[in-house]
Amino acid sequence: MERTQCCVVGGGPAGMVLGLLLARAGVEVTVLEKHKDFFRDFRGDTVHPPTLMLLDELGLGDRFAELPSKRLEKMRMMFGDATIVAADFSRIPGPHKYIAMVPQWDFLNLLAEAAAGEPTFTLKMGAEVTGLREGGGVRYRDPDGAERELAATLVVGCDGRDSLIRAEAGLVPREYDVPMDVWWVRVPKLEDTGKEAQVFGRFANGLAGMTMDRGDYYQTSYLIRKGQDEALRAEGIEKFRERIGGLFGWGAGELAAIRDWDDVKLLKVRMSKLRHWYSRRVLCIGDAAHAMSPAGGIGVNIAVQDAVAAARILAAPLRRGTLTARDLARVQRRRAAVVSLLQKQQLAEHKMLIEPALDGTLNERTVPLPLRASDRFPQLTAIAAVLGGIGPLREKTPAFARR
Ligand SMILES: Cc1cc2nc3c(=O)[nH]c(=O)nc-3n(C[C@H](O)[C@H](O)[C@H](O)COP(=O)(O)OP(=O)(O)OC[C@H]3O[C@@H](n4cnc5c(N)ncnc54)[C@H](O)[C@@H]3O)c2cc1C
């Protein structure tokens, strides 16, 4: 029987940060990730200032700076022909006045390499957890298909919005109505527009989308009404090319990259929140505890901040062997209010921007008041940047993890 103090299920942003931090505290930790590598397209690739500061404090800032990245200083939105700066990250306090756009697999590989240097850390890739184990820990299938068991004092579900650990622990999330799903496509960038990365939200004629400038291509999300994937695909790929081309001003060169529906990936948007993040010997954090909408692109930052708080609170009781449900409750108490506030903000963004955009009632004359005010008084873009870039609470990096 394999045994560990903390079994982390899922090697996404929450799981890898938690694994690294606990290992630096000397806790025996095993991260089980069902995929064989971190290489998957269409993930949240935004690394926010609190995560950049965390990496500095972990002694990983220089290595992170060597990764291929672009800096996003302003979040711009276009309504018809009018462009509005919604958030200006160059106005936020602290050393990192931008959001770094870095492929998530590079970010996760960096964390995995750093953690591999810690004697109490184990990462098992291609290890799919299939259930909780009686007496604590999990059952999982190893890369060769063999069924195994890992006993653990604590299981932390970092397995994302469709969390198996959450279901196995009998934790049922409250689901929120969301108006959209997202189609993601990758479109080549045919001319270089300058150094700063651009994120453009575009809203026109009942269409809505967002491009992220990834250097030589645009990672592009195109919003569709929830549940409309099949019906819209039935209209044919040419119709979609016409729509997205019109929205972003792309010609035949860019649109040639969208050859057929295989190039258009559906991402189902979900928003949910657990009432209790924990049960006996199990805790959920990140999207497993509170699936975030893509609105504002804050999910990765929140998942990382959950992990920092969890590591700070749980390291000592795990090491001493005194962990109780009270420690797990402390993690929830620390994070739940922040998450609720940010989810409320995302729901407000759905109402203010996404629903009218999909209804066709959003245009340069009906730009929502907060955005019109930001356009008039640019100082306000700093408030949006602090909320979106840092969030209401930055978790302190524990001393045991600093290098
Ligand atoms: C369309 C869309 C766009 C988004 N864009 C952004 C963005 O630009 N910026 C941003 O910050 N956020 C974005 N988000 C939100 C963001 O993706 C999530 O909030 C964030 O990834 C949560 O991190 P996590 O570590 O909790 O979970 P995840 O990133 O979902 O990681 C979960 C991990 O668990 C693994 N796993 C799952 N089940 C098992 C199992 N049984 N056994 C072992 N491993 C398992 C998975 O393979 C995965 O690696 C977006 C979300 C959507 C839907």
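Predicted model only: the values in this text are computed from it and were never measured. (Residues numbered from 1 in each chain as written. Predicted model: local features only at pLDDT ≥ 70, side-chain atom pairs only at ≥ 80, totals over all residues. Heavy atoms only, no water.)

1. What to know about the environment of alanine 289
Point 1. Structurally, alanine 289 is set in the loop between β19 (282–284) and α9 (299–320).
Point 2. When its relative accessible area of 0% is taken as the criterion, alanine 289 is described as buried.
Point 3. Taking the C-alpha atoms as reference, alanine 289 lies 7.8 Å from serine 272; in sequence the two are 17 residues apart.
Point 4. Apart from the residues within four sequence positions on either side, alanine 289 is in contact with Ser272, Lys273, Leu274, Trp277 and Cys284. (Helix = DSSP H or I, 4+ residues; strand = E, 2+ residues; numbered from the N terminus. Buried < 20%, exposed > 50% of the residue type's maximum accessible area, 1.4 Å probe, protein only. Contact = heavy atoms within 4.5 Å.)

2. Quick notes on the site of the ligand
Point 1. Among the 32 residues in the neighbourhood of the ligand, the closest are listed as Ala14, Glu33, Thr46, Asp287 and Val300.
Point 2. Histidine 35 places a side-chain nitrogen or oxygen 3.0 Å from an oxygen atom of the ligand.
Point 3. Between the ligand and the protein, one listed contact pairs an oxygen atom with a side-chain N or O atom of aspartate 287 at 2.8 Å.
Point 4. Relative to its unbound accessible area of 1000 Å², the ligand is 90% covered by the protein chains.
Point 5. Where the shell around the ligand is concerned, the elements lending two or more residues are α1 (13–24), β2 (29–33), β8 (128–132) and α9. (Near = heavy atom within 4 Å. Polar contact = N/O pair within 3.5 Å; in protein donor to acceptor, adjacent residues only side chain to side chain. Areas by Shrake-Rupley, 256 points an atom, 1.4 Å probe, with all protein chains shown as cover.)

3. A look at helix α10 (residues 325–359)
Point 1. The sharpest bend along α10 measures roughly 35 degrees and falls at histidine 350.
Point 2. The positive-phi residue at the C-terminal boundary of α10 is glycine 360, with phi of around 85 degrees. (Bend = angle between axes of the 7 residues up to and from the residue.)

4. Quick word on the pairing of strand β5 (residues 82–88)
Point 1. Across six bridges, the pairing between strand β4 (residues 70–79) and β5 is antiparallel. Across the sheet, residue lysine 74 finds its bridge partner in β5, namely aspartate 88.
Point 2. Turn length for the β4-β5 hairpin, with the two strands adjacent in sequence and antiparallel, is two residues, and the turn residue glycine 80 shows positive phi of about 60 degrees. (Pairing = 2+ DSSP bridges.)

Any functional reading would require information beyond the geometric quantities listed.
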